[in-house]
Amino acid sequence: MASVNKSILIIEDEPHIVMGLRDSLEFEGFKVLAGANGKEGIQLARTETPDAVILDLMLPDMNGYAVCEELRRLSPFVPIIMLTARSQETDKIRGLDAGADDYVTKPFSVNELIARMRAIFRRASRPSAAPEFVDIGNAKVSFSAHTLKVGRVEHALSFYEVELLRLLVERSGQPVSRDEILQKIWGLDATSTNRTVDNFIVKLRKKIEVQPDKPVHILTVYGFGYKLAGPDTEV
Ligand code: CA
């Protein structure tokens, strides 16, 4: 099983949620670590370096956004999925700004969360047709080091930034649908209304494009998805 030895850290104070997630994730072959509050969670992230984190926004001791920022400082790359009981779009955006890669709104289906974990490790373990290094405009991307350099400025890339960029590079010059991106990278079905993909495109454009609001590399294909401009693409 691909998930063997992969560890997932759950930071959540509600025991029944931890128990349900733990059972299902262990059944899938993941090693599960659990912290019942923000401090414990951060400590486990520091000592155990988990392969993915499920982080509840509402914790007894710390603000979930602050926990998220600290996790990001410890590891720019680790996938962080935030659990939120709130339906307001602003909370989700704030979570994504704090460094979360994705969110699941409570009450959530355990199967949905498992599907996302599977998608993460399926992407991470599969061979890629993309080269290890690629130049996009002035940006130099290293997929193995998870970095993007523009001149002397080096950006650390998160797991989803790497995978989204890799998918676009593999299909350079061709449109990739939003549904395919959601399904392949986020493990979500096509009916999902998740705005995460668009948020990640914005993040990547800020790092790659000279004028992020007038992109010449990561192009929007209206009503369909996105494409990375190939060498012959007319803009
Ligand atoms: Ca909670």
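These numbers come from a predicted model, not from an experiment. (Residues numbered from 1 in each chain as written. Predicted model: local features only at pLDDT ≥ 70, side-chain atom pairs only at ≥ 80, totals over all residues. Heavy atoms only, no water.)

## Focus on helix α4 (residues 89-97)
Of the residues making up α4, those classed as buried are Asp91, Lys92, Gly95 and Leu96. Considered in projection along α4, the buried side chains sweep an arc of 135° and stay on one side of the axis. Structural note: α4 exposes Thr90 and Asp97 on the side pointing more than 90 degrees away from its buried face. Packing partners of the buried residues in α4 comprise α3 (64-74), β4 (80-84), β5 (102-105) and α8 (196-208). One or two residues past the end of α4 sits Gly99, with phi positive at roughly 115°. (Buried < 20%, exposed > 50% of the residue type's maximum accessible area, 1.4 Å probe, protein only. Helix = DSSP H or I, 4+ residues; strand = E, 2+ residues; numbered from the N terminus. Arc of directions from axis to C-beta. Contact = heavy atoms within 4.5 Å.)

## Observations regarding the coordination of the calcium ion
Distances from the calcium ion to its protein donors, Glu12 (OE), Asp13 (OD), Asp56 (OD) and Met58 (O), fall within 2.0 to 2.9 Å. Site description for the calcium ion: donor spacing in sequence, E-D-x42-D-x1-M. Judged by its relative accessible area of 2%, Glu12 is buried. (Donors = N, O, S within 2.8 Å, 3.2 Å for Na, K, Ca; no water.)

## A few points about the domain arrangement of the protein
Each domain of the protein was delimited in the assignment, giving domain 1 (7-125) and domain 2 (133-228). Relative placement of domain 1 and domain 2: their C-alpha centres are 23 Å apart. Opposite the 20 residues of domain 1 that make contact, domain 2 presents 22 residues. With both chains or domains summed, domain 1 and domain 2 bury close to 1,700 Å², and 54% of this area falls on carbon and sulfur atoms. (Domains from an automatic or database assignment. Buried area = accessible area lost by both parts, 1.4 Å probe.)

## A look at the pattern of salt bridges
For the structure on display, the rule yields 17 salt bridges. With a shortest N-O distance of 3.3 Å, Glu26 and Arg22 are connected by a salt bridge. Of the two residues, Glu26 and Arg22 are both situated in helix α1 (residues 15-27); the distance of four residues between them amounts to about one turn of the helix. Each of the salt bridges in this network shares a partner with another, and the network as a whole consists of Glu12, Glu14, Asp56 and Lys106. (Salt bridge = Lys/Arg side-chain N within 4 Å of Asp/Glu carboxyl O.)

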